[in-house]
Amino acid sequence: MEPVFRGLEITARLAVRATGTRITFRGLDNLPATGGAVVAINHTSYVDFLPAGLAATERGRRMRFMIKAEMEQVKPVGYLIKHTGTIPVDRRAGAGAYAVAVDALRSGELVGVYPEATISRSFELKDFKTGAARMASEADVPIIPLIVWGAQRIWTKDHPKSLGHKRIPISVVVGAPIRATGSVARIDDTLRAGMSALLTEAQRDYPAPAGASWVPHRLGGSAPTPAEAKRLDEAELAERARKRASEATGKK
């Protein structure tokens, strides 16, 4: 029994009820009832981990997420990381987290990863990192593609939070397991194709008001195009680098 994790599950369900959020799940049977698997999740918001985690709960499982190591410095979050099997990742030296994730997969855990690494401002799939494919291949477990759609309306980059009793619908669609065989490039291509198909499926059944900021440009919304979003990402990274350099200079 994991009391902290159980407490988080209860809190998550209460939060969903309090905000009137309506989460629908499709394809839950594609999550294995037992055994390890990499769960590859699209990344459109700061809260998409919650419906993804609840999908595992609906299946009677628990998902171990990989999270940036900086969050350990936030005391409450650090406590939760320590007591819920969450895997902190130092982006400058990720080998340790990778090994921990592979061990967790081999021991039968579901490990949730974001192949895009960072939030997609366009709400389309960004370029993938190869970690999900490599972990699944090394641990000899399947990859489960999972799409969360609608969470970007609650809290995402460049937009104010929309908290409270907003009754925002969220769709979670789980795809068929992908065998992690062959080259990493082939596995990655198969994963991307599977997630793209699921994203299209989730969007097809979801309202898309013309001009809405959370609707992809391709569907008539005002979200940045993938090319525009990439430029915004590059500008953000450049600004972070400038601040780090400035801080380093100030310390000398």
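Residues numbered from 1 in each chain as written. Predicted model: local features only at pLDDT ≥ 70, side-chain atom pairs only at ≥ 80, totals over all residues. Heavy atoms only, no water.

Draft legend 1. View of the overall build of the chain. Helix and strand counts for the chain come out as 7 helices and 7 strands. Ordered by position from N to C terminus, the α and β elements of the chain give α-β-β-α-β-α-β-α-β-α-β-β-α-α. Taking 18 Å as the expected radius of gyration for a compact globule of 252 residues, we find that the chain reaches 18 Å, a close match to that expectation. Taken along its principal axes, the extent of the C-alpha atoms in the chain is 55 × 40 × 40 Å. Of all 252 residues assigned to the chain, the portion counted as buried reaches 45%. A separation threshold of at least 6 residues defines the contact pool for the chain, and within that pool the share at least 24 residues apart is 74%. In the structure as shown, the chain presents an accessible area of about 13,100 Å², 56% of it carried by carbon and sulfur atoms. For the chain, the separation between the mean place of its 37 positive charges and that of its 26 negative charges on side chains is 4 Å. (Helix = DSSP H or I, 4+ residues; strand = E, 2+ residues; numbered from the N terminus. Rg over C-alpha atoms; globule rule 2.2 N^0.38 Å. Buried < 20%, exposed > 50% of the residue type's maximum accessible area, 1.4 Å probe, protein only. Contact = heavy atoms within 4.5 Å. Areas by Shrake-Rupley, 256 points an atom, 1.4 Å probe, with all protein chains shown as cover. Lys, Arg positive; Asp, Glu negative; His and termini not counted. Charge placed at Lys NZ, Arg CZ, Asp CG, Glu CD.)

Draft legend 2. Examining the packing of helix α1 (residues 3-19) against helix α2 (residues 49-58) more closely. Across the interface, α1 lies against α2 with an axial gap of 11 Å and an inter-helix angle of 115 degrees. For the element pair α1 and α2, the recorded crossing hand is left-handed. Contacts between α1 and α2 involve E9, A12, R13 and V16 from the first element and L50, L54, T57 and E58 from the second. A breakdown of the residues in the contact of α1 with α2 according to their chemical character gives 4 nonpolar, 1 polar and 3 charged. (Axes fitted to C-alpha atoms, helices over the stretch in contact; angles between N-to-C directions. Left-handed = near helix turned anticlockwise from the far one by under 90°. Nonpolar A, V, L, I, M, F, W, Y, C, P; charged D, E, K, R; others polar.)

Draft legend 3. Structural detail: the environment of G27. Within the fold, G27 resides in the loop between β1 (22-26) and β2 (37-41). Residues G27 and F49, spaced 22 residues apart in sequence, show a C-alpha to C-alpha distance of 17 Å.

Draft legend 4. Layout of the nonpolar core. Among the nonpolar cores identified, the biggest contains 65 residues, and V38, I41, M66, M135 and L146 are the most heavily contacted of them. If near-sequence neighbours (up to four positions away) are discounted, I41 is found in contact with A52, M63, F65, G112, V113, Y114, P115, E116, L146, V148 and M195. (Core = buried A, V, L, I, M, F, W, Y, C linked by side-chain atoms within 4.5 Å.)

Draft legend 5. Examining the pairing of strand β3 (residues 63-68) more closely. Two elements, β3 and strand β5 (residues 110-113), share 3 bridges in a ladder whose sense is parallel. Its bridge partner lying in β5, F65 is registered against G112. In the sheet, β3 pairs with strand β4 (residues 87-89) via 3 bridges, with the strands oriented parallel. Bridge assignment links I67 to a residue of β4, and that residue is P88. (Pairing = 2+ DSSP bridges.)

Draft legend 6. Looking closely at the sheet that holds β4. Spatially, β1-β7-β6-β2-β5-β3-β4 is the arrangement adopted by the 7 strands of the open sheet, whose pairing is mixed. Unpaired on one side and paired on the other, β1 and β4 mark the two borders of the sheet. Across the sheet, the mean angle from the axis of one strand to that of its neighbour is 25 degrees, orientation sign disregarded. Two elements, β2 and β5, share 4 bridges in a ladder whose sense is parallel. Across the sheet, residue A40 finds its bridge partner in β5, namely V113.

Draft legend 7. View of unusual backbone geometry. Of note in this structure, A117 is not a glycine but carries a positive phi near 75 degrees. Mapped onto the elements, A117 comes out in the loop between β5 and α5 (131-139). Take A117: its relative accessible area is 31%, and that puts it in the partly exposed class.

Draft legend 8. Expanded view of α5. For α5, the set of buried residues is G131, A132, A133, M135, A136 and A139. If you follow the buried residues of α5, they end up packed against β2, β3, α4 (95-106), β5, β6 (143-149) and α6 (184-204).

Draft legend 9. Representation of the packing of aromatic side chains within the structure. Summed over all chains, the structure comprises 3 aromatic pairs. Arranged with centres 4.9 Å apart and planes meeting at 50 degrees, the rings of Y46 and W155 form a pair that is tilted. Taken together, the positions of Y46 in the loop between β2 and α2 and W155 in the loop between β6 and β7 (169-174) put the pair 109 residues apart, joining distant regions of the chain. Residue class for Y46 comes out partly exposed when judged on its relative accessible area of 37%. Ring centres of Y206 and W214 lie 5.8 Å apart, and the angle between their planes is 85 degrees; this geometry places the pair in the edge-to-face category. Judged by relative accessible area, W214 falls into the buried class, the value being 13%. (Phe/Tyr/Trp six-rings, centres within 6.5 Å; stacked < 30°, edge-to-face > 60°.)

Draft legend 10. Main features of the packing of α5 against α6. With their axes 9 Å apart at the nearest point, α5 and α6 run at an angle of 115 degrees to one another. The handedness of the crossing between α5 and α6 comes out as right-handed. Here A132, A133, R134 and S137 of α5 lie close against α6, whose contacting residues are V184, I187, D188 and L191. In the contact of α5 with α6, the residues fall into 5 nonpolar, 1 polar and 2 charged.

What is shown is where atoms sit, not what they do.
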